[in-house]
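Chain and residue survey
Letter by letter, the chains look like this.
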Amino acid sequence: MKGSNLGEFEELVLLTIAALMSDAYSVGICDELERQTGRTVKLGVVHAVLNRLEEKGFVKSKLGEATQTRGGKRKRYYSITSAGKAGLLKSKEVRDNLWNMIPNLSLNKI
Amino acid sequence: MKDVPKQSPPNWAQQFLAWYCKPELLEDLQGDLNEYFERNLKSHGIKKAKLIYIIDTFKFFRLYTVRKPEFVKILISWIMIGNYIKTSGRSIVRNKLFSAINIVGLAVSMSVGLLLISLLLDTYSYDKFHVNHSRIYRINSQYQYLENKDRNFMATTSLRAAKAIKETFTVPEEVAILRNGFGGDMTFGEKTIPLNGLWANESMFSVFTFPLVKGNPANALKNPYSVVLTEKAAHKLFGDEEAIGKTIILNKDKAYTITGIVQDVPTTSHMKFEMLGAISTREITEKDNADELAWDNMWNTYVYLKMPVQFDPKLFQTNLDNLSAKENPSVKNTTITLKLQAMDSIMAGESLGNQLGPTMGSTLLWVFAGLSFVVILSACFNYTNLSVARSLKRSREIGIRKTIGALRGHVMGQFVVEAIIISFSALVAAFLLFLALRPYFKSMEPSLQALLTLNVSPLLVICFVGFALFIGVAAGLFPALFFSRINAVQVLKGSSTTKGFKKLTLRKALIVFQYTISLILITATLIMYKQYKHYMNFDLGFSTENILNIRLQGNKAEILKKELNELPEVKGISLSGMITSVGSYWGVPVKNPNNPEDSLSIAFNVVDENYIPLHDHHLLAGKNFTVLSDSAVESEVIVNEQVLKRFNLPKDPTLSIGEILSVTGKELRIVGVMRDFQYGRANNETGKETIFRYSRKDAQHLNVKLLSNDLPATYAKIETIWKKLDTVHAFEAKFYDDEIEESFKGLSASMKLAGAIAFLAVCIASLGLLGMVVFTTETRLKEISIRKVMGATEGGLVYLLGRGFFILLGIAALIALPLTYFFFEQIMLPKIANHAPLGLFEGVIAVMAVMTIALLMIGSQTLKVAKANPAEVLKNE
């Protein structure tokens, strides 16, 4: 089963790609993650995760159009695959199930 | 794109990224980094942004980004090597002249490199046979009297320091104490042989690895009057008999017991000895000598320490400084500083005084390495120059290779392989040259002969091959880069004719560099030669002609004198203590008669009554010594003019006669005043205060004036007489002039070295020039022919072709001459006394010589072209 599970950070990246829709490329993902989580996100880490997600088949990518920024280099846009969607749903399901199991009582006590 | 920011990330970092990154990931990654760079540029400024970019490129060097090595490519390179060798071979054979110039030039320069390598290997192999060589250290000391600070360190220290270190210091595991001055004639029964040795304490064999063949290393040197002989010395004295336990007599005086036999000292030991005497003996013999343990008696004792594997050198130095601080007050006005030196650095380290044996010294190594580097560089330039010049002919080949599919790397590989083939052919020639040059190199200076073997060992061969590889890559790299840049389309279209000349300024610069170096070396050699001649013909103030100085070596002067006087060639014999003007000094404290507080160390020589007339010393006033018997009390002294000046005696020499000088407590009357003469070597300061004292029994030399048409035969006759009188010692005699020449062996050796290297540099530069001239004339063949058809004269054509080269040589001369003159005038010569003045003559000769050779090279080639029949050339079109 190794390879089909989502790590915590992988899940975040995958969610961001889904949220950013058509504008999901490495630096954009990085910025969005920083805004949402409030922690610094290294480009190198995001890059490695994107690469891994693509290997696992959760995302696919294509090169965009060349622009005047970025020294004329094209961006690589990521989009979520159906396997990725399934992975996300599965992990959400696990969480929801767990949440439902917690009685209100025990949370309020804390 | 007009909006491209002017500030861009560092180029090399971009290239590095492109080099390692997988092509499919590259563009995206580059873009990301650029985006970050632009952001950082706004927020942090250009410097920080660049730094972050660089750091990021390294951060992205990860498993998933790095491109996998492409085995196919490597495989292709290997397959192609065969092809490279074949085409390179063809190209070498096709251009015989260029290949020959390259191979000869490289071979000549590489032979110097090979000498350097074997010299370095020899030097660094010294003292490595000691098991603990890296842990052995020596104590060096520096003597300072009052403020005279700039004194060198001595390899010796005082016995007092040695004892203090041995007894109170805890860090050293063992302390070996050695002392020079043990040696002389060793007698066993009827047999007497002279042996050289050292005093040593019992730690000798635990610090150093000198294995004992017989005897106990722990206590062989413990008891007084014990002696350890080397196997060779023991064999000389005892033959095959058992030596251990025997008693032998040193200098017909003290009896020593043999307690051990040690293996012969390896040639790679910086200390050499034939025997070792127990230093504890001196505690008995020197019991009443207060000077033996004096703090400032630091001229004879050597201390070697075996240190633990790890120790703190700084802390140890503090301990040494504390010892000095404690002991320094015991001697007035004197400060002695101690310092630790690793034994591994003795051979190639700085030149210290009082070394235990001859050392190489770092200066010679650096000078030689520098000169070799220049010569090798010059030969590599030739290669580069000629290869690039020939690019016209080769560029088509490259174009086709590239069209067929060769990558830049493949073209580079091909040219590097070609250069390596050339450098290996040169290595073979260089090795033969090395074998031929080796004996000359060693005989350049007598001490080199003793120090170096320069033997061919497997390690040496490996170094040579590595060296050839390195030279090949170094010489081939630039042509390889040049050729690999060639644009295939342009070349094949035929528009490349101008391309080859783009590097013209570089090639001109290389020629100027080569000739500048050659001129500097030639001028320097000529200047040194002038100095050498100047010192050889220096007016010392007395005559040295046909005087043979014989070392008495303990023999009675009178007996030898009587025998020699019977030879008809001997015109006169005198006695002297030392030989002046060859760099030896004897000093004696003399009190100023006008001011008893003022005492001065004055140079002196002891002579007999024949010395002054025999050497033509000029007496300004007074008379020669009166003949005295050996037992008579010394009463007379002859002084030079400087002594009168120094002691404020009357200027007129006649008035100073009769004054009394106190020489080491003896009251001596001035009986004569002689003209100043050169007491030290001619390149030392003149005007030294000098006195002659009268003593026949202190004489160590016999000065024999000869008058003979056949000096070698007379020398042989004298040697026969010596052999009859002394069967123990070898005959040691030298003509005075030879001895003076020998005292300048340092200068003559550097002169020979510089001369040889100058010669090589000129050869290499001329070869390079020849190649360039041939190339230029060949490419301009058509132009020349047309000019000729139009009516140009041969002379005019030669001028046209040669002018450019002579301008280059002129520039080289303009750089080289002022540089050399400045160096000698400002840096070298002011340090040397009595030097000959610098003349323009040397520079002019050097330029003339170089120009003549260049003229021959250029003239012969251009004339050949200018004389060629234009019809022959032009009809081929």
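Residues numbered from 1 in each chain as written. Chains lettered and ligands numbered in written order. Predicted model: local features only at pLDDT ≥ 70, side-chain atom pairs only at ≥ 80, totals over all residues. Heavy atoms only, no water.

A look at the overall build of chain A
Counting secondary structure elements, chain A contains 5 helices and 2 strands. The order of α-helices and β-strands along chain A, N terminus first, is α-α-α-β-β-α-α. The C-alpha radius of gyration of chain A comes to 17 Å, more than 25% above the 13 Å expected for a compact globule of 110 residues. Burial analysis of chain A (110 residues in total) assigns 35% to the buried set. Taking all contacts inside chain A whose residues are at least 6 apart in sequence as the whole, residues at least 24 apart take part in 52%. Surface accessibility of chain A: about 7000 Å² in total, with carbon and sulfur atoms responsible for 56%. Separation between the mean location of the 18 positive side-chain charges and that of the 12 negative ones in chain A comes to 2 Å. (Helix = DSSP H or I, 4+ residues; strand = E, 2+ residues; numbered from the N terminus. Rg over C-alpha atoms; globule rule 2.2 N^0.38 Å. Buried < 20%, exposed > 50% of the residue type's maximum accessible area, 1.4 Å probe, protein only. Contact = heavy atoms within 4.5 Å. Areas by Shrake-Rupley, 256 points an atom, 1.4 Å probe, with all protein chains shown as cover. Lys, Arg positive; Asp, Glu negative; His and termini not counted. Charge placed at Lys NZ, Arg CZ, Asp CG, Glu CD.)

A look at the confidence of the model for chain B
In this model, chain B carries a mean pLDDT of 85, and residues with pLDDT of at least 70 account for 96%. The low-confidence segment residues 1-5 of chain B (pLDDT under 50) makes 3 contacts with residues lying over four places distant or belonging to another chain. (pLDDT = per-residue confidence, 0-100.)

Here's the deal with unusual backbone geometry
All names here are of chain B. Non-glycine residue Asp616 carries a positive phi angle of around 55°. When you line up the elements, Asp616 lands in the loop between helix H19 (611-614) and strand S16 (619-622). Its relative accessible area of 49% is what places Asp616 among the partly exposed residues. Positive phi values are uncommon outside glycine, yet Asn648 reaches one of about 55°. Its place among the elements puts Asn648 in the loop between helix H20 (641-646) and helix H21 (653-656).

Some details on the pattern of salt bridges
When the charged atoms of two side chains with opposite charge come close together, those side chains can pair. All names here are of chain B. Within the structure shown, the criterion is met by 33 salt bridges over all chains. One salt bridge in this structure joins Lys623 and Glu636, with 3.6 Å as the shortest N-O distance. Of this pair, Lys623 sits in the loop between S16 and strand S17 (636-640) while Glu636 is found in strand S17, placing the two residues 13 residues apart along the sequence. Using a relative accessible area of 39% as the deciding quantity, one classes Lys623 as partly exposed. Glu783 is the salt-bridge partner of Arg780, the closest N and O atoms lying 3.0 Å from each other. Classification of Arg780 by relative accessible area gives partly exposed; the value is 24%. For Glu783, a relative accessible area of 28% puts it in the partly exposed group. Because the salt bridges share partners, they merge into one network encompassing Arg394, Glu397, Arg401 and Glu418. (Salt bridge = Lys/Arg side-chain N within 4 Å of Asp/Glu carboxyl O.)

Some thoughts on the domain arrangement of chain B
Quite often, the size of an interface is put as the accessible area lost when its parts meet. Once the domains are mapped, chain B shows domain 1 (11-59), domain 2 (133-345), domain 3 (362-533 + 746-874) and domain 4 (547-740). Averaged C-alpha coordinates put domain 1 of chain B and domain 3 of chain B at centres separated by 43 Å. (Domains from an automatic or database assignment.)

Here we look at the side chain of Ser656 of chain B
Residue and element names in this part refer to chain B. Within the fold, Ser656 resides in helix H21. In terms of polar contacts, Ser656 uses its side chain to reach the backbone carbonyl oxygen of Pro650, at 3.1 Å. When near neighbours in sequence (up to four residues on either side) are disregarded, Ser656 contacts Leu644, Leu649, Pro650 and Ile670. (Polar contact = N/O pair within 3.5 Å; in protein donor to acceptor, adjacent residues only side chain to side chain.)

Considerations on the side chain of His47 of chain A
The topology assignment puts His47 of chain A in helix H3 (residues 43-56). Here His47 of chain A falls in the buried class, since its relative accessible area comes to 5%. Polar contacts involving the side chain of His47 of chain A include one to the side chain of Asp32 of chain B, which spans 3.1 Å. Sequence-distant contacts of His47 of chain A, that is, excluding residues within four places in its chain, are made with Ser26 of chain A together with Asp28, Leu29, Asp32, Phe60 and Tyr64 of chain B.

Description of the nonpolar core
Residues and elements named next belong to chain B. Met110, Phe368, Phe441, Leu452, Tyr515 and Leu519 are the most contacted members of the largest nonpolar core, which totals 82 residues. It is helix H24 (residues 745-779) that contributes the most residues to this core, 16 residues altogether. With residues up to four places along the chain from it excluded, the contact list for Leu519 reads Ala812, Ala813, Ala816, Ala846, Val847 and Val850. Membership of the second largest hydrophobic core comes to 44 residues, among which are Ile165, Leu195, Phe238 and Phe311. (Core = buried A, V, L, I, M, F, W, Y, C linked by side-chain atoms within 4.5 Å.)

With respect to the interface of chain B and chain A
The interface is formed by 19 residues belonging to chain B together with 22 residues belonging to chain A. Summing both partners gives a buried area of about 1900 Å² for chain B against chain A, and 49% of it is carried by carbon and sulfur. The largest contributions to the chain B side of the interface with chain A come from Glu27, Asp28 and Tyr64 of chain B, which together make up 28% of the buried area. One salt bridge in this structure joins Glu27 of chain B and Arg74 of chain A, with 2.9 Å as the shortest N-O distance. (Buried area = accessible area lost by both parts, 1.4 Å probe.)

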